[in-house]
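Survey of secondary and tertiary structure
One letter stands for each residue in the lines below.
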Amino acid sequence: MDVNRRQPIGIELVKRGVVSQAEIKTALDYQKQHPDAKLGDIIHDLKLCDERKLLAAIGEIFGEKTMLIHPHDIKVQIDEFISPDTLKQNSAVLFDVEDGKAKVCFADTANRKAIDTIRLLLLNRGLVMDKYITFKSNITEVLNSMAIRAAENFGNGIGSDATTIVDSIIKNGMEKRASDIHFEPMENKLRVRFRIDGELFEIAEISKDKQTQVIGRLKAISNMHQEKQEAQDGRITMYPDYNIRVSSQKNIYGEKFVLRLLKRNANVREIFELGFPRNEELVKNSFDKKNSVTIMAAPTGEGKTTTLYSIVQYLNSPEINITTIEDPVEIRIPGLNQVEVDAKTSFIDSLRTVLRQDPDIILVGEIRDKETAEIAMQAGQTGHYVLSTIHTIDAIEVITRLRKMGVSNYDISSTVATTVSQRLVRRLCKHCAREREFTQKELDFIHSVEEKSNVKFNLEGKRTYDAVGCKECNNIGYMERIGIFEVLVLDDALRELITNDASTFQIKEQAMKGSYRPLIVDGVSKVLSGETNLDELDRKMRIY
């Protein structure tokens with residue numbers, strides 16, 4: 001509720017006889033302990049007066065229409081116009097659509113961004129927004145009720161037996177492009193969530209009395225032990241187009257399952273399709289190497305392996321022997337010798353064996369420890385080209401990470417040729433993205449990137465886009481993801497610094513004199529090309 005003018009709203013409510021001076025003092029004392037809470041919401045939550053009189057008075061003071069909304073007031077399909085997640089993010093409830101007008105209740109009329117977001121979504125559907133205000137707790141209560149109703153509707157559509165429930169959820173995940181499906185035991189329910197383009201969305205709640213049967217079915221089709229409740233790994237192979245990896249772990253309310261959906265025989269995307277800068281010379285200088293190591297760096301789930309596959313595909317030819325060591329093999333690529341690590345073998349054992357197989361290029365899924373790192377370095381020093389991944393925040397931190405593993409500065413400087421860092425950001429849905437001018441805040445940020453990174457963007461005629469949401473993108477506003485990259489190619493000056501144990505700051509300072517530019521530069525370039533927006537960059541990288 002918009003009551004930013006705290007003292008005036010209190011005085012106005014006292015004048016109207018809605019609350020007394022003593023009750024206002026009680027609310028203000030509470031607000032000192034909860035500074036983010038609005039005064040009107042505090043008075044309501046503390047039940048200091050009649051809620052209808054309070055809401056009506058606030059509406060008069062701010063010149064807004066009011067409505068104390070109840071679940072039975074919702075006259076529209078739950079996700080027909082705006083997704084529940086978007087409503088929750090913006091503390092709003094769409095409760096009716098009539099004669100081209102969409103009636104929406106907000107919790108905070110001072111939040112112009114939330115109001116504009118909902119207005120844009122509705123305009124995209126040809127609807128004019130009719131705005132109302134209510135209490136924040138009222139919005140929360142109704143949104144929770146909507147979520148339960150959505151779960152019940154989904155449950156009614158997937159059947160009552162465990163086999164049908166599990167099968168329907170998995171197939172629904174495939175249809176919605178989910179990369180992961182989470183079955184999560186809660187105190188009074190079994191929650192189901194999909195990860196789509198890196199974000200988790202709750203899609204169903206299964207009643208607690210069906211939890212045992214659903215978990216039992218998941219274990220059966222994953223080839224897991226039914227009686228065992230410790231952590232297990234399994235696979236589901238009953239769906240022709242998918243290889244599904246399954247992981248289970250016990251929590252206080254049961255066993256949680258996560259299903260990773262991997263398409264069988266998926267095509268490896270060309271490196272430029274992933275978002276890598278469209279520069280053939282950069283690709284050649286970065287990856288067409290011998291006697292060296294290239295390392296991809298990023299947190300878990302940011303697409304390192306996918307990029308490595310694309311690099312291998314770029315380098316693949318009949319004259320080259322390429323061997324990969326993976327845990328597990330996610331995509332089968334014709335012409336490659338792909339080795340899958342299992343419980344009986346490790347990366348280190350497999351790598352030692354591969355070195356006796358006359359390889360030209362070796363892909364090691366991940367450098368996890370000193371021993372793997374040292375063998376990878378030795379392979380790079382003895383005529384092979386090694387590609388691998390490591391968990392660090394950026395391309396320069398790869399050097400620090402290898403140092404901490406115990407790899408010598410000499411081995412790093414003489415063997416590592418390129419380090420690449422990446423993040424995945426969501427692409428704007430091309431069906432519903434709405435074009436607009438950049439705000440002054442956005443332009444100021446872009447100029448600050450120019451100044452800090454010694455680059456110049458061409459802003460002439462450039463516009464940006466808001467994520468709106470439509471049926472094509474499940475009302476999210478984004479569809480699929482694209483990589484943003486930074487590339488560090490080690491030259492003689494950088495090698496000398498590393499050999500001399502230079503700090504990360506010194507290495508970055510020298511790198512900036514060459515071709516290296518931080519992730520945010522490629523991110524802004526993707527914004528200016530209309531592939532994503534600064535809101536998405538901020539969500540991913542906290543740029544503001």
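Just above, that's the structure.
Residues numbered from 1 in each chain as written. Predicted model: local features only at pLDDT ≥ 70, side-chain atom pairs only at ≥ 80, totals over all residues. Heavy atoms only, no water.

**Remarks on the pairing of strand β11 (residues 292-297)**
In terms of burial, β11 is a largely internal element, six of the six residues being buried. With burial as the criterion, each face of β11 is covered, one bearing Ser292, Thr294 and Met296 and the other bearing Val293, Ile295 and Ala297. Two strands pair when backbone bridges link them, and β11 and strand β16 (residues 416-428) are joined in this way by five bridges, in the parallel orientation. Within β16, the residue paired with Thr294 across the bridge is Thr418. (Buried < 20%, exposed > 50% of the residue type's maximum accessible area, 1.4 Å probe, protein only. Helix = DSSP H or I, 4+ residues; strand = E, 2+ residues; numbered from the N terminus. Pairing = 2+ DSSP bridges.)

**Focus on unusual backbone geometry**
A negative phi angle characterises most non-glycine residues, just as the trans form characterises most peptide bonds. Phi at Arg177 is positive, roughly 65 degrees, even though this residue is not glycine. Mapping Arg177 onto the fold places it in the loop between α8 (162-175) and β5 (180-185). At Arg542, a position not held by glycine, the phi torsion is positive, near 50 degrees. Summarising the element assignment, Arg542 is placed in the segment after α20 (534-541). The exposure class assigned to Arg542 is exposed, which follows from its relative accessible area of 62%.

**Notes on the sheet that holds strand β2 (residues 92-98)**
Strand order in the open sheet formed by four strands is β1-β4-β3-β2, and the pairing between neighbours is mixed. The sheet is open, and its two edges are formed by β1 (65-66) and β2, each paired on a single side.

**Observations regarding the nonpolar core**
Leu402 and Leu488 are the most contacted members of the largest nonpolar core, which totals 37 residues. Where this core is concerned, the elements lending two or more residues are β11, α12 (347-354), β14 (361-364), α13 (370-381), β15 (385-390), α14 (397-405), α17 (492-499) and α18 (504-511). If one sorts the elements of this core by residue count, α13 sits on top with five residues. Excluding anything up to four places from it in sequence, Leu402 contacts Ile295, Ala373, Met377, Ile390, Val407, Ile412 and Val416. The next biggest cluster of nonpolar side chains, apart from the first, holds 33 residues, and it includes Ile181, Phe201, Ile215 and Tyr478. (Core = buried A, V, L, I, M, F, W, Y, C linked by side-chain atoms within 4.5 Å. Contact = heavy atoms within 4.5 Å.)

**With respect to the packing of helix α19 (residues 519-528) against α20**
It is the contact of α19 with α20, at a shortest axis distance of 9 Å, that shows an interaxial angle of 155 degrees. The angle between α19 and α20 falls in the class roughly antiparallel. In the crossing of α19 with α20, the sense of the turn from one axis to the other is right-handed. Of α20, the residues touching α19 (which contributes Leu519, Ile520, Gly523, Val524 and Val527) are Leu534, Leu537 and Met541. Across the contact of α19 with α20, the residue classes tally to seven nonpolar, one polar and no charged. (Axes fitted to C-alpha atoms, helices over the stretch in contact; angles between N-to-C directions. Parallel < 35°, antiparallel > 145°, perpendicular 65-115°, else oblique. Left-handed = near helix turned anticlockwise from the far one by under 90°. Nonpolar A, V, L, I, M, F, W, Y, C, P; charged D, E, K, R; others polar.)

**Section: the packing of aromatic side chains**
Applying the stated rule across the entire model yields three aromatic pairs. Relative to Tyr132, the ring of Phe95 has its centre 5.5 Å away and its plane inclined at 70 degrees; by these criteria the two rings are edge-to-face. One end of the pair, Phe95, is in strand β2; the other, Tyr132, is in strand β4 (residues 128-133), with 37 residues separating them in the sequence. Ring centres of Phe276 and Phe485 lie 5.1 Å apart, and the angle between their planes is 65 degrees; on these two criteria the pair is classed as edge-to-face. A residue pair is termed long-range when its members are at least 10 positions apart, and Phe276 in the loop between β10 (254-263) and α10 (280-287) and Phe485 in strand β19 (residues 478-489) qualify at 209 residues. Judged by relative accessible area, Phe276 falls into the buried class, the value being 2%. Here the aromatic residues Phe276, Phe287 and Phe485 are joined through ring pairs into a cluster of three or more. (Phe/Tyr/Trp six-rings, centres within 6.5 Å; stacked < 30°, edge-to-face > 60°.)

**Here we look at the pattern of salt bridges**
For the structure shown, the criterion picks out 33 salt bridges. One salt bridge connects Glu437 with Arg463, and the closest N-O pair in it is separated by 2.5 Å. Here the residue Glu437 occupies a position in the loop between β17 (434-436) and α16 (440-453), and Arg463 occupies one in the loop between α16 and β18 (464-466), the gap between them amounting to 26 residues. Its relative accessible area of 27% is what places Arg463 among the partly exposed residues. Its salt-bridge partner being Lys526, residue Asp522 comes within 2.8 Å of it at the nearest N-O pair. Residue Asp522 and its partner Lys526 are both found in helix α19; the two are separated by four residues, about one turn of the helix. Exposure class is identical for Asp522 and Lys526. Each is buried. Salt bridges sharing partners connect three or more residues here, namely Glu184, Arg191, Arg193 and Lys256. (Salt bridge = Lys/Arg side-chain N within 4 Å of Asp/Glu carboxyl O.)

**Some thoughts on α14**
Given 3.6 residues per turn, any residue in an α-helix points the same way as the ones three and four places further on. Within α14, burial applies to Val398, Ile399, Thr400, Leu402, Arg403 and Met405. Taken from the residues just after α14, Gly406 is the one with a positive phi, measuring 105 degrees.

**Side note on the sheet that holds strand β6 (residues 189-196)**
Taken together, six strands build an open sheet; the order of strands is β7-β6-β5-β10-β9-β8 and the sheet is antiparallel. Among the strands making up the open sheet, the edge pair consists of β7 (199-207) and β8 (232-236). Ignoring strand direction, the axes of neighbouring strands in this sheet form an average angle of 20 degrees. The pairing of strand β9 (residues 242-251) with β10 spans 10 bridges and is classified as antiparallel. Paired with Ile244 across the strands is Leu261, a residue of β10.

**Some thoughts on helix α9 (residues 211-221)**
Turning to α9, its buried residues number three or more, namely Gln211, Val214, Ile215, Gly216, Leu218, Lys219 and Ile221. For α9, the elements touching its buried residues are α8, β5, β6, β7, β8 and β10. Taken from the residues just after α9, Asn223 is the one with a positive phi, measuring 60 degrees.

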